[in-house]
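What follows is each chain in one-letter form.
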Amino acid sequence: MLQYFGMEILEVNENGIAAELGIAAGDELLAFDGFSVTDVLDYDYYNSCENFTMRVRSGDEVVDYEIEKYDYEDLGLELSRDIPVRSCRNNCVFCFVDQLPREELRNTLRVKDDDYRHSFIFGNYVTLTNVTDRELERIIRIGLSPLYVSVHTSNGELRSKLLGTCGQKTPIPDIKAQLKKLHGGGIKIHAQIVYCPTFNDDLDETITDIYPYTQSLAVVPVGLTRNCNPLIKKVDKASAQKVIAVVEKWQKKLLAERGTRYVFAADELYLKAEKEIPPYEAYEDFSQIENGIGLIAAFKHDFEFALDKCDGESAGEISIATGESAYPLICECAKKTQEKLGGKIRVYKIRNDFFGESVTVAGLIVGRDIAAQLKGKPLGHALILPRVMLRETCDVFLDGMTLSELERELGVKIKVNQPDGESFVKEIIGVKQNG
Ligand code: SF4
């Protein structure tokens, strides 16, 4: 007989279907339609279905219920929503976690996760190398869509080399076959390629292989800290230009054929290539914005709109600190704001000494670098920092320095804002909005 493991029912809503059936807290939810309940995602899926069987253990008794309901009707069960993260089986040559300094750092940065369920819930990128065929079927059955998949290359041998899995007892699954199966099962996939010059220059071949099965593709440059693998080369101007040329060639072709550009290069690649950032419309639905694709275009667009509408007062003399990547954009926006509202806005570019100079994003700047580089500089009555510099839930930088320690160190009031164009005008500069 098939062994079900199931999940404990924590609570039963008295107005739900389960309560009517006599199911109680402490019972065990074992299966839906004969499939074991692995985590709360099974429950969420079946709770939105109309006809299915549900197996529940109550004491020594196991009961199969035939459920017929409207899709919006609630079964009314409370289960644990924790899904313990599954670690990756890879040892990628460019792994950012392996490159982190030993000093105290945000714990979430050290997690080597590769869990398809977290991809569905949080939009994390996963390699699918630790996913079995049975799990692919589960993804399709309960519709875990969209998923975010790190492809890097469609060449199996090269992928194994990049992911550091050569020599493992079980070879990694064929990514093309996995994508094809998921696509055939109705799962939407947003893919990414972390571009490592001289490793995965086969961009053309990979796009040819995967575009029929994926929704969008992001190409992002490899991130290197001062502890990086010496085998990995930095993305320079020439290699960034080469990547953008391939991306733009495919955008033209696919826009004509599919009505979408499909593949997008990271903002950082345009900055490295010293090429103008594409217009706002070229990012379509901004499906890869969390991956640094279209952030600059969106920021500029929202900034222009908010500045145009504003009827504010001068913010007086203030300063803004940011990373090297965002520096030109913030300078441009600060200048326009100053021209319209008056006052004096100084923008400071913070060099990343903690992770290494080649790390240029604002989100990885630590308190001690800001303190060292701004000490004694004119900062006005407030210093503005983007929220991405701080840990998710508190006012602490990645190196453990608190916001108030930095305020004391610099002798200035610090304001933190969301890193988008509208906040830049509304919150940072403190202007009043019209309507
Ligand atoms: S999948 Fe690769 S890059 Fe991601 S955590 Fe694992 S080893 Fe690091």
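Residues numbered from 1 in each chain as written. Predicted model: local features only at pLDDT ≥ 70, side-chain atom pairs only at ≥ 80, totals over all residues. Heavy atoms only, no water.

S.K.: Describe the overall build of the protein, naming the residues involved and giving the relevant values.
M.R.: A count of helical and extended segments in the protein gives 14 helices and 16 strands. Among the 435 residues that make up the protein, the fraction classed as buried is 49%. Carbon and sulfur atoms form 49% of the exposed surface of the protein, whose accessible area is close to 21100 Å². Charged side chains of the protein number 52 positive and 69 negative; the gap between the two group centres comes to 9 Å. (Helix = DSSP H or I, 4+ residues; strand = E, 2+ residues; numbered from the N terminus. Buried < 20%, exposed > 50% of the residue type's maximum accessible area, 1.4 Å probe, protein only. Areas by Shrake-Rupley, 256 points an atom, 1.4 Å probe, with all protein chains shown as cover. Lys, Arg positive; Asp, Glu negative; His and termini not counted. Charge placed at Lys NZ, Arg CZ, Asp CG, Glu CD.)

S.K.: Any details on the site of the ligand? Residues and values, ideally.
M.R.: Taken together, C88, N90, C92, C95, K112 and T127 make up all the residues around the ligand. Residues of the shell around the ligand, tallied by class, amount to three nonpolar, two polar and one charged. (Near = heavy atom within 4 Å. Nonpolar A, V, L, I, M, F, W, Y, C, P; charged D, E, K, R; others polar.)

S.K.: Got a sec to walk through the packing of helix 10 (residues 295-309) against helix 11 (residues 327-341)? Specific residues and values, please.
M.R.: Helix-helix packing is described using two parameters, namely the angle between the two axes and the distance between the axes. Relative orientation of the contacting elements helix 10 and helix 11 amounts to 5°, with a least axis distance of 11 Å. With respect to helix 11, the element helix 10 is oriented roughly parallel. Touching I296, F299, K300, F303, E304, L307 and D308 of helix 10 are L329, I330, E332, C333, K336, T337 and K340, all from helix 11. Classifying every residue of the contact of helix 10 with helix 11 gives seven nonpolar, one polar and six charged. (Axes fitted to C-alpha atoms, helices over the stretch in contact; angles between N-to-C directions. Parallel < 35°, antiparallel > 145°, perpendicular 65-115°, else oblique. Contact = heavy atoms within 4.5 Å.)

S.K.: Summarise the nonpolar core; cite the residues concerned and give the values.
M.R.: By size, the foremost hydrophobic cluster in this structure holds 103 residues, and its most contacted members are L29 and M54. Dropping the residues within four chain positions of it, M54 is found in contact with L21, I23, L29, A31, F32, V63, D64, Y65, I67 and L75. The next biggest cluster of nonpolar side chains, apart from the first, holds 20 residues, and it includes A321, I365, L374 and I414. (Core = buried A, V, L, I, M, F, W, Y, C linked by side-chain atoms within 4.5 Å.)

S.K.: Explain the environment of Y283 to me, using residue names and the numbers behind them.
M.R.: Looking at the secondary structure, you find Y283 in the loop between helix 9 (267-273) and helix 10. Residue classification places Y283 among the buried residues on the basis of a relative accessible area of 4%. Put simply, Y283 and L341 are 58 residues apart on the chain and 30 Å apart in space, counted from C-alpha to C-alpha. Here Y283 is in contact with F264, D267, Y270, I277, P278, I293, G294 and A297, once residues within four sequence places are set aside.

S.K.: For the side chain of Q251, give the residues involved together with the corresponding values.
M.R.: One can find Q251 in helix 8 (residues 237-258). By relative accessible area, which is 13% here, Q251 ends up buried. If sequence neighbours within four positions are ignored, Q251 has contacts with R261, V263 and F264.

S.K.: Lay out the sheet that holds strand 9 (residues 147-150) in plain terms, naming residues and giving numbers.
M.R.: What the five strands build is an open sheet, ordered 8-9-10-11-12; its pairing is parallel. Whereas interior strands pair on both sides, the edge strands pair on one side only; in this sheet they are strand 8 (125-126) and strand 12 (263-265). Relative to strand 10 (residues 189-195), strand 9 runs parallel, the two sharing four bridges. Paired with L147 across the two strands is I189, which belongs to strand 10. (Pairing = 2+ DSSP bridges.)

S.K.: Any details on the confidence of the model for the protein? Residues and values, ideally.
M.R.: In this model, the protein carries an average pLDDT of 92, and 95% of its residues clear a pLDDT of 70 or more. Counting contacts from residues 431-435, a segment whose pLDDT is below 50, to residues more than four positions away or on other chains yields 18 contacts. (pLDDT = per-residue confidence, 0-100.)

S.K.: So what's going on with the packing of helix 7 (residues 203-210) against helix 8? Which residues, and what values?
M.R.: Put simply, helix 7 and helix 8 touch, their axes get as near as 10 Å, and they point 30° apart. Judged by the inter-axis angle, helix 7 sits roughly parallel to helix 8. The two elements helix 7 and helix 8 meet at a crossing, and its hand is right-handed. Within the contact between the two elements, helix 7 uses L203, D204, I207 and T208 and helix 8 uses V243, V246, V247, K249 and W250. Split by residue class, the contact of helix 7 with helix 8 holds six nonpolar, one polar and two charged. (Left-handed = near helix turned anticlockwise from the far one by under 90°.)

S.K.: Any details on the environment of Y43? Residues and values, ideally.
M.R.: As for its placement among the helices and strands, Y43 is situated in helix 2 (residues 40-47). A polar contact of 3.3 Å, which involves the side chain of Y43, links it to the backbone nitrogen of G76. (Polar contact = N/O pair within 3.5 Å; in protein donor to acceptor, adjacent residues only side chain to side chain.)

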